[in-house]
Amino acid sequence: MAYAFRVKGHFFLRRHASAIGINRYLCHIQAIKHTMKKYIKDLTVHAAERPAKGYTLLKLRAAESDTLPPMEPGQFVEVRAGSASDTGLRRPISINFVTADNSELWLLIHEIGARTRALGKLRKGDTLNCILPLGNGFRIHAEGARVLLVGGGVGTAPLLYYGRRLREAGCRPTFLLGGRTAEGVLQGDLFARYGDVYLTTEDGSAGERGFVTDHSLWKGHFDAVATCGPKPMMQAVARKAREKGLPCEASLENMMACGLGACLCCVEKTKTGNLCVCQSGPVFNTQDLQWLD
């Protein structure tokens, strides 16, 4: 049975006490405060687009007297899905894209619950409260590196900004995007601006029929792999990368609440112990996870 008590302003779950201890927990909180520079900002919806049924693309801008902070591909944002008086938890949303002048942030929302449906109702001129940027992002490889970016469903979202940054660094990104149907593969035209795009669909309505790990593209030569999407897909991609002797990074999508490493609900088992995905990730080298054991 778990119950909560307060220590120096932080709620602490009794069920975690034996695992990490109160002192270690407080050190954990202090480490977060010192290593993660983050901002709470009210961003304005500049545009709200519907790229497909059940999806909303929010394009956000800071107030005229403010600016967006620097953001890395693979990082995420905690958004308030509701009014200021709403006691519901924030929602973690991957950074889909940041414009070259850093004036606009894009968030791709999959409307699958009450909170994300509320985000889908936002319109131009509305305000969205955000904590950003959070987590650690993807590696920017050396010039000339051939990087295969593999995404499935809405998990393709962080790969768009990553592809742009790789291209700017002189790398050669290639995108392998998968979905159940052609309609489930989003932003293909935007990905094509930064590299070659290959598709897989389970019903064969676009690209090759099957899963991303079945695509003939894997016969080509790459220097590294990055992936984001459903966990079984990422695990399969990690195994495929290991077979090819390629380093692989994965952006995990564990359930999150605080986004700051305090609530411990996004913990992932790694070879060095249990780590909070929101703080140590969400991007991990798959060799550091226990997926391949």
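Just so it is clear, the model here is predicted, and its values are computed rather than measured.

The rules behind these values
- Residues numbered from 1 in each chain as written.
- Predicted model: local features only at pLDDT ≥ 70, side-chain atom pairs only at ≥ 80, totals over all residues.
- Heavy atoms only, no water.
- Helix = DSSP H or I, 4+ residues; strand = E, 2+ residues; numbered from the N terminus.
- Buried < 20%, exposed > 50% of the residue type's maximum accessible area, 1.4 Å probe, protein only.
- Contact = heavy atoms within 4.5 Å.
- Areas by Shrake-Rupley, 256 points an atom, 1.4 Å probe, with all protein chains shown as cover.
- Pairing = 2+ DSSP bridges.
- Axes fitted to C-alpha atoms, helices over the stretch in contact; angles between N-to-C directions.
- Salt bridge = Lys/Arg side-chain N within 4 Å of Asp/Glu carboxyl O.
- Polar contact = N/O pair within 3.5 Å; in protein donor to acceptor, adjacent residues only side chain to side chain.
- pLDDT = per-residue confidence, 0-100.
- Phe/Tyr/Trp six-rings, centres within 6.5 Å; stacked < 30°, edge-to-face > 60°.
- Lys NZ or Arg CZ within 6 Å of the ring centre and 35° of its normal.

Participant: Could you clarify how one ought to interpret the overall build of the chain in this entry?
Facilitator: Counting its secondary structure elements, the chain contains seven helices and 18 strands. When burial is assessed residue by residue, the chain has 50% of its 293 residues classed as buried. Nonlocal contacts in the chain, meaning residues at least 24 apart in sequence, comprise 59% of its contacts between residues at least 6 apart. For the chain, the exposed area adds up to about 14400 Å²; of that, 50% sits on carbon and sulfur atoms.

Participant: For this particular structure, what's the right way to read the sheet that holds strand β12 (residues 196–201)?
Facilitator: By way of backbone hydrogen bonds, the strands of a sheet pair with one another, either parallel or antiparallel. With mixed pairing, seven strands are arranged side by side in an open sheet as β13-β12-β11-β10-β14-β15-β18. The open sheet has two edge strands, β13 (208–209) and β18 (283–285), and neither has a second partner. Pairing geometry for strand β14 (residues 224–228) and strand β15 (residues 248–251), over four bridges, is parallel. Counterpart to Val225 in the pairing with β15 is Cys248. Lying over the sheet, helix α4 (residues 157–168) contacts β10 (146–152), β11 (172–179), β14 and β15, oriented at roughly 170° with respect to β10. In the packing of helix α6 (residues 231–244) onto the sheet, contacts are made with β10, β14 and β15, and the angle to β14 comes to roughly 170°.

Participant: Please explain the environment of Pro247 as it appears in this structure.
Facilitator: Along the chain, the position of Pro247 falls in the loop between α6 and β15. By relative accessible area, Pro247 is classed as partly exposed at 39%. In this structure, the C-alpha to C-alpha distance between Pro247 and Asp223, residues 24 residues apart in sequence, is 7.6 Å. Leaving out residues up to four positions away in the same chain, Pro247 has contacts with Asp223, Ala224 and Val225.

Participant: I tried to follow the pattern of salt bridges on my own but got confused; where do I start?
Facilitator: Two side chains that carry opposite charge are able to pair once their charged atoms sit near each other. Counting across every chain of the model gives eight salt bridges. Two residues, Lys41 and Asp66, come together in a salt bridge whose shortest N-O distance is 2.8 Å. One end of the pair, Lys41, is in strand β3 (residues 39–49); the other, Asp66, is in the loop between β4 (55–61) and β5 (76–79), with 25 residues separating them in the sequence. Taking the relative accessible area as the measure of exposure, Lys41 reaches 10% and is therefore buried. Across the salt bridge formed by Arg164 and Glu168, the nearest N and O atoms sit 2.8 Å from each other. Within this pair, Arg164 and its partner Glu168 are both found in helix α4, separated by four residues, close to a single helical turn.

Participant: Even after reading the chapter, I still don't get the side chain of Thr201, so can you show me in this structure?
Facilitator: Of note, Thr201 is situated in strand β12. Relative accessible area serves as the criterion here: at 0%, Thr201 is assigned to the buried category. In terms of polar contacts, Thr201 uses its side chain to reach the backbone carbonyl oxygen of Ala206, at 2.8 Å. Once residues within four sequence positions are removed from consideration, Thr201 is found in contact with Gly179, Arg180, Thr181, Ala182, Val185, Ala206, Glu208, Arg209 and Gly210.

Participant: Please explain α4 as it appears in this structure.
Facilitator: Given 3.6 residues per turn, any residue in an α-helix points the same way as the ones three and four places further on. Among the twelve residues of α4, ten are classified as buried, and the element is accordingly described as predominantly covered. Buried within α4 are the following residues: Ala157, Pro158, Leu159, Leu160, Tyr161, Tyr162, Gly163, Arg164, Arg165 and Leu166. Of the residues flanking the end of α4, it is Gly170, one or two places downstream, whose phi is positive at about 85°.

Participant: Looking at this model, I keep getting lost on the sheet that holds β5. Mind explaining?
Facilitator: Taken in spatial order, the seven strands make up an open sheet running β6-β5-β9-β3-β4-β8-β7, and their pairing is antiparallel. A strand with exactly one partner marks an edge of an open sheet, and here the two such strands are β6 (91–94) and β7 (97–98). Inspection of the sheet shows β3 paired to strand β9 (residues 127–134) by six bridges, in the antiparallel sense. Bridging from a neighbouring strand, Tyr39 pairs with Leu132 of β9.

Participant: Mind showing me how you'd approach the confidence of the model for the chain here?
Facilitator: Low-confidence regions, as indicated by low pLDDT, have predicted coordinates that should not be scrutinised in detail. Averaged over all residues, the pLDDT of the chain is 88; the fraction at 70 or higher stands at 86%. Long-range and interchain partners of residues 1–34, a stretch whose pLDDT sits below 50, account for 43 contacts in this model, where long-range means more than four residues apart.

Participant: Hey, could you run me through the packing of aromatic side chains in this one?
Facilitator: Any pair of aromatic rings gets described here by the distance separating the centres and the angle formed by the planes. Scanning the entire structure with this criterion turns up five aromatic pairs. Ring pairs connect the aromatic residues Phe97, Trp106, Tyr161 and Tyr194, which therefore count as one cluster. The ring of Trp106 carries Lys59 above its face, with NZ or CZ at 4.2 Å from the centroid.

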